[in-house]
Amino acid sequence: SEVGGEAQVLRMFRLLRLFRMMKLLRLARMNRILQRFQDDLFNYATTITICKYILVLLYLGHFFGCFFYYFSTDEWRTQKENDDIAAGRYDVWQNSEFCSVVGDEMPSCNSTLANKYIASMYWAFTTMTTV
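Everything numeric in this text was worked out from a predicted model, so none of it was measured.

Asks: Help me understand the overall build of the protein in this model?
Replies: Helix and strand counts for the protein stand at five helices and two strands. Sequence-ordered secondary structure for the protein, helices as α and strands as β, is α-α-α-α-β-β-α. For the protein, the share of sequence-separated contacts (at least 6 apart) that also reach a separation of at least 24 residues comes to 50%. Per element, the accessible surface of the protein, about 11,600 Å² overall, is 64% carbon and sulfur.

Asks: Explain a nonpolar patch on the surface here, please?
Replies: Judged by side-chain polarity, Val56, Leu57, Tyr59, Leu60, Phe63, Phe64, Phe67, Tyr70, Phe71, Trp76 and Trp123 come together as a nonpolar surface patch covering roughly 1,100 Å² of accessible area. When residues in the nonpolar patch are grouped by element, the largest group, eight residues, is from helix H2 (residues 45-70). Structurally, the position occupied by Phe64 is in helix H2.

Asks: Got a minute to help me understand the packing of aromatic side chains in this structure?
Replies: Pairs of aromatic rings are described using the distance from one ring centre to the other and the angle between the two planes. One pass over the structure, following the stated rule, counts seven aromatic pairs. Seen in terms of ring centroids, Phe71 and Trp76 are 4.3 Å apart; in terms of plane orientation they differ by 75°. Their pairing is edge-to-face. The class of Trp76 is partly exposed, set by a relative accessible area of 45%. One aromatic cluster is present, built from ring pairs that chain together Phe67, Tyr70, Phe71 and Trp76.

Asks: Whenever I open this one, the pattern of salt bridges confuses me. Can you help?
Replies: Oppositely charged side chains are able to pair whenever their charged atoms sit close together. Under the counting rule described, the total for this entry stands at two salt bridges. Here Asp84 and Lys80 are joined by a salt bridge, their closest N and O atoms 3.1 Å apart. Of this pair, Asp84 and Lys80 both sit in helix H3 (residues 79-87), separated by four residues, roughly a single helical turn. Judged by relative accessible area, which is 6%, Asp84 ranks as buried. Overall, the relative accessible area of 58% leaves Lys80 in the exposed class. Among the ionic pairs, Arg89 bridges to Asp84, the shortest N-O distance being 2.8 Å. Sharing partners across several salt bridges, the network here consists of Lys80, Asp84 and Arg89.

Asks: Is there a simple way to explain helix H5 (residues 113-130) in this structure?
Replies: The α-helix advances 3.6 residues per turn, and as a result positions three or four apart in sequence lie on the same side. Compared with the 26 Å implied by 1.5 Å per residue over 18 residues, the 26 Å span of H5 between its first and last C-alpha is a close match. Inspection of H5 places Lys116, Ser120, Met121 and Ala124 among the buried residues, and these make up the whole buried set. Along the long axis of H5, the arc covered by the buried residues comes to 135°, so they all point the same way. Turned more than 90 degrees away from the buried face of H5 sit Ile118, Tyr122, Thr129 and Thr130, all of them exposed. The elements touched by buried residues of H5 are H2 and helix H4 (93-98).

Asks: How do you make sense of the side chain of Ser120 when you look at a structure like this?
Replies: In this structure, Ser120 sits in helix H5. With residues near it in sequence (within four places) discarded, Ser120 still touches Gly65, Phe68, Tyr69 and Trp93.

Asks: Whenever I open this one, the packing of H2 against H5 confuses me. Can you help?
Replies: Each pair of packed helices can be described by the angle between their axes along with the distance between the axes. Running from N to C, H2 and H5 cross one another at 115°; their axes reach a closest spacing of 8 Å. In terms of orientation, H2 and H5 fall into the roughly perpendicular class. At the point where H2 passes H5, the crossing takes the right-handed sense. Touching Leu57, Leu58, Leu60, Gly61, His62, Phe64, Gly65, Cys66, Phe68 and Tyr69 of H2 are Leu113, Lys116, Tyr117, Ser120, Met121, Trp123, Ala124, Phe125 and Met128, all from H5. For the contact of H2 with H5, a count of residues per class yields 14 nonpolar, four polar and one charged.

Cut-offs applied
- Residues numbered from 1 in each chain as written.
- Predicted model: local features only at pLDDT ≥ 70, side-chain atom pairs only at ≥ 80, totals over all residues.
- Heavy atoms only, no water.
- Helix = DSSP H or I, 4+ residues; strand = E, 2+ residues; numbered from the N terminus.
- Contact = heavy atoms within 4.5 Å.
- Areas by Shrake-Rupley, 256 points an atom, 1.4 Å probe, with all protein chains shown as cover.
- Patch = residues over 30% accessible without salt bridge, like charges linked within 9 Å, V, L, I, M, F, W, Y side chains within 5 Å.
- Salt bridge = Lys/Arg side-chain N within 4 Å of Asp/Glu carboxyl O.
- Phe/Tyr/Trp six-rings, centres within 6.5 Å; stacked < 30°, edge-to-face > 60°.
- Buried < 20%, exposed > 50% of the residue type's maximum accessible area, 1.4 Å probe, protein only.
- Expected span 1.5 Å × (residues − 1).
- Arc of directions from axis to C-beta.
- Axes fitted to C-alpha atoms, helices over the stretch in contact; angles between N-to-C directions.
- Parallel < 35°, antiparallel > 145°, perpendicular 65-115°, else oblique.
- Left-handed = near helix turned anticlockwise from the far one by under 90°.
- Nonpolar A, V, L, I, M, F, W, Y, C, P; charged D, E, K, R; others polar.

Just geometry here; none of it tells us what the structure is for.
As structure tokens, this is what we get:
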């Protein structure tokens, strides 16, 4: 009786396998649907490829722009660099581009983060397209 029970369990597993095979038939149906849309998508393949490249360039520009901005902030500079900037031996691009200096006063920076982001993106795209 135990052998008959094991055989029945094996038959159940085979039946389950059969149901899984039936699911594979759905894939064949899906293939036919994709074949129909493949012709339509082929007409737009060049456009899709160009859009992908533009998105990759935008992402790289954003990444390099943020990289450029981050490494030019005060927190990233060494003490010697900060001393040289305070002594006037060096000028920081953020101060020269976005701040106004009157006499010996500290620079007055009224620029928004969006303006700095656009300048960083400009730097990134200029560097990517000319180097």
